[in-house]
Amino acid sequence: QVQLVESGGGSVQTGGSLRLSCVASGRSFSDYAMGWFRQAPGKEREFVAAITRNGGATYYTDSVQGRFTISRDNAKNTVSLQMNSLKPEDTAVYYCGRQSYSGYTRVNSYDFWGQGTQVTVSS
């Protein structure tokens, strides 16, 4: 059984920064692409960023391009999301997920999720 544990959320003002981390259990972390999603109250979970198995390619939703950076450390079974220039519309619960099927932007492409970490950005 795979467990994903996120950390690093919090409350910041507009323009601030946060770094989210997700630690995975198990020995096959490097076999899977990983992604970050977010879910605001009353909205569906949406794609934020994804990274390939070796970290050689990254993908972002348009609204975070240039502000967020996804990275991974396979030796530490960790995937991170550096979030800069935060905006109130970034407020959501952020989830990391393990991608097991094609289509990195789709929720159904991920088979394991963390419990989520709250990010709140105030104006």
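Let me begin by describing the structure that accompanies this report. Treat the numbers as computed from the prediction; the structure is a model and nothing was measured.

**So, the environment of Asp62**
Assignment of secondary structure puts Asp62 in the loop between strand 6 (58-60) and strand 7 (68-73). Sequence separation of Asp62 and Val119 is 57 residues, and the distance between their C-alpha atoms is 19 Å.

**Some points on the packing of aromatic side chains**
For the coordinates displayed, the defined rule picks out 6 aromatic pairs. Ring geometry for Phe37 against Trp113: centres 5.1 Å apart, planes inclined by 85°, an arrangement best described as edge-to-face. Of this pair, Phe37 sits in strand 4 (residues 33-39) while Trp113 sits in strand 10 (residues 110-113), and the two are 76 residues apart along the sequence. Phe37 sits in the buried class, given a relative accessible area of 0%. Linked through ring pairs, Phe37, Phe47, Tyr59, Tyr104, Tyr110 and Trp113 together constitute an aromatic cluster. It is Arg98 that lies over the ring of Tyr32; its NZ or CZ is 3.7 Å from the centre.

**Examining the nonpolar core**
Across soluble globular proteins, nonpolar side chains have a tendency to be buried as a group. One finds Trp36, Val79, Leu81, Met83 and Tyr94 to be the most contacted residues of the largest nonpolar core, which totals 26 residues. For this core, the secondary-structure elements that each account for two or more residues are strand 3 (18-24), strand 4, strand 5 (46-51), strand 7, strand 8 (78-83), strand 9 (92-99) and strand 11 (117-122). With 4 residues, the top contributor of residues to this core is strand 3. If sequence neighbours within four positions are ignored, Leu81 has contacts with Leu18, Arg19, Leu20, Trp36, Val48, Ala49, Phe68, Thr69, Ile70 and Tyr94.

**Overview of the pairing of strand 1 (residues 4-7)**
The side-chain alternation of strand 1 yields one buried face, formed by Leu4 and Glu6, and one unburied face, formed by Val5 and Ser7. Where strand 1 lies against strand 3, 4 bridges are found, and the strand directions are antiparallel. In the sheet register, Leu4 faces strand 3, and the bridge partner there is Ala24.

**Description of the pattern of salt bridges**
What the rule picks out here adds up to 4 salt bridges. Residues Arg67 and Asp90 are paired through a salt bridge, measuring 2.8 Å at the closest nitrogen-oxygen approach. Remark: Asp90 occurs in the loop between strand 8 and strand 9 and Arg67 occurs in the loop between strand 6 and strand 7; sequence separation between them is 23 residues. Take Arg67 and Asp90: they sit in the same class, and that class is buried. Arg98 serves as the salt-bridge partner of Asp111, at 2.7 Å between the closest nitrogen and oxygen. Here Arg98 lies in strand 9 and Asp111 lies in strand 10, a separation of 13 residues in the sequence. Asp111 gets classed as partly exposed once you look at its relative accessible area, which sits at 29%. Residue class for Arg98 comes out buried when judged on its relative accessible area of 9%. Connected through salt bridges with shared partners, the residues Arg38, Glu46, Arg67 and Asp90 form a single ionic network.

Definitions and cut-offs
Residue indices begin from 1 for each chain and proceed along its sequence in written order. Residue-level local features of this predicted model are given only where pLDDT is at least 70; pairs of side-chain atoms are given and counted only at 80 or more, and the full residue set underlies all totals for whole chains, interfaces and linings. The basis for every side-chain value is the complete set of non-hydrogen atoms in the structure, without hydrogens or water. What counts as a helix is a DSSP run of H or I of at least four residues, what counts as a strand is a run of E of at least two, and both are numbered from the N terminus. Aromatic pairing here means that ring centres of Phe, Tyr or Trp (its six-membered ring) are within 6.5 Å. Orientation follows from the plane angle: under 30 degrees is stacked, over 60 is edge-to-face, and everything else is tilted. Relative accessibility decides the category of a residue: with a 1.4 Å probe and only protein chains considered, values under 20% of the type maximum give buried, values over 50% give exposed, and everything between is partly exposed. Two conditions define a charge located above a ring, namely a distance within 6 Å from the ring centre to NZ of Lys or CZ of Arg, and an angle within 35 degrees of the ring normal. Nonpolar cores are built from buried Ala, Val, Leu, Ile, Met, Phe, Trp, Tyr and Cys residues. Side-chain atoms within 4.5 Å join them into one set. Here a residue-residue contact requires only that any non-hydrogen atoms of the pair lie within 4.5 Å. For two strands to be treated as a pair, DSSP must find at least two bridges joining them. When a carboxyl oxygen of Asp or Glu is within 4 Å of a side-chain nitrogen of Lys or Arg, the pair counts as a salt bridge.

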